[in-house]
Amino acid sequence: QVQLVESGGGLVQAGGSLRLSCAASGGTFSNYVMGWFRQAPGKEREFVASISRAGGSTYYADSVKGRFTISRDNAKNTVYLQTNSLKPEDTAVYYCAARASAASNYNYWGQGTQVTVSS
């Protein structure tokens with residue numbers, strides 16, 4: 001059973017940056033594909049980015065490509081999301097998630113961290 005805890009959210013002005021972190025425990029972190037998702041008020045949760053087990057492959061939603069960077073440190077059991085050039089439409093609760101393979105569902109979710117971007 002993997003436990004995920006996000007941190008690093010906050011209030012930032014448009015154009016600013018935040019670095020989100022997600023610390024994992026209770027499993028072998030390097031066995032999991034990790035992803036970031038977000039959910040804005042009144043909207044469905046959407047995919048933001050994912051990273052392969054060793055970190056060699058990353059994927060991004062078109063809406064964040066070129067502005068966000070996902071990375072992981074398997075020695076620290078942590079995945080990061082560097083968010084730059086933030087826009088008001090990036091305002092959402094950001095969740096990290098883990099899945100055993102690219103073919104499986106995301107089984108494990110954190111509690112989320114709020115990101116609010118003011119204009």
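Residues numbered from 1 in each chain as written. Predicted model: local features only at pLDDT ≥ 70, side-chain atom pairs only at ≥ 80, totals over all residues. Heavy atoms only, no water.

On a plain count of helices and strands, the protein comes out with 0 helices and 11 strands. If you list the helices and strands of the protein from N to C, you get β-β-β-β-β-β-β-β-β-β-β. The C-alpha atoms of the protein give a radius of gyration of 13 Å, which matches the 14 Å a tight globule of 119 residues would have. Its C-alpha atoms give the protein principal-axis dimensions of roughly 40 × 25 × 25 Å. Buried residues in the protein amount to 43% of all 119 residues. The contacts in the protein between residues at least 6 apart in sequence include a share of 54% that link residues at least 24 apart. (Helix = DSSP H or I, 4+ residues; strand = E, 2+ residues; numbered from the N terminus. Rg over C-alpha atoms; globule rule 2.2 N^0.38 Å. Buried < 20%, exposed > 50% of the residue type's maximum accessible area, 1.4 Å probe, protein only. Contact = heavy atoms within 4.5 Å.)

Within the element layout of this structure, Val-33 appears in strand β4 (residues 33–39). C-alpha of Val-33 to C-alpha of Gln-114: the two residues are 81 residues apart in sequence and 23 Å apart in space. Residues in contact with Val-33, not counting those within four places in the same chain, are Ile-51, Arg-53, Arg-72, Ala-97, Ala-98, Arg-99, Ser-101, Ala-102 and Tyr-106.

What the rule picks out here adds up to 5 aromatic pairs. Aromatic pair Phe-37 and Trp-109: ring centres 4.9 Å apart, planes at 55°, arrangement tilted. Pair noted here: Phe-37 is in strand β4 and Trp-109 is in strand β10 (residues 108–109), with a separation of 72 residues, a long-range link. Every member of this aromatic cluster is reached through a ring pair, and the members are Phe-37, Phe-47, Tyr-106 and Trp-109. (Phe/Tyr/Trp six-rings, centres within 6.5 Å; stacked < 30°, edge-to-face > 60°.)

To continue, consider the state of the cysteines. Per the counting criterion, the structure on display carries 1 disulfide. Linked covalently through their sulfurs, Cys-22 and Cys-96 form a disulfide whose S-S length is 1.9 Å. Taking the sign of the torsion about the S-S bond as the criterion, the disulfide between Cys-22 and Cys-96, at about 45°, is right-handed. In this pair, Cys-22 is assigned in strand β3 (residues 18–25) and Cys-96 in strand β9 (residues 92–99), connecting sequence segments 74 residues apart. Overall, Cys-22 belongs to the buried group, its relative accessible area being 0%. The class of Cys-96 is buried, set by a relative accessible area of 0%. (Disulfide = S-S within 2.5 Å.)

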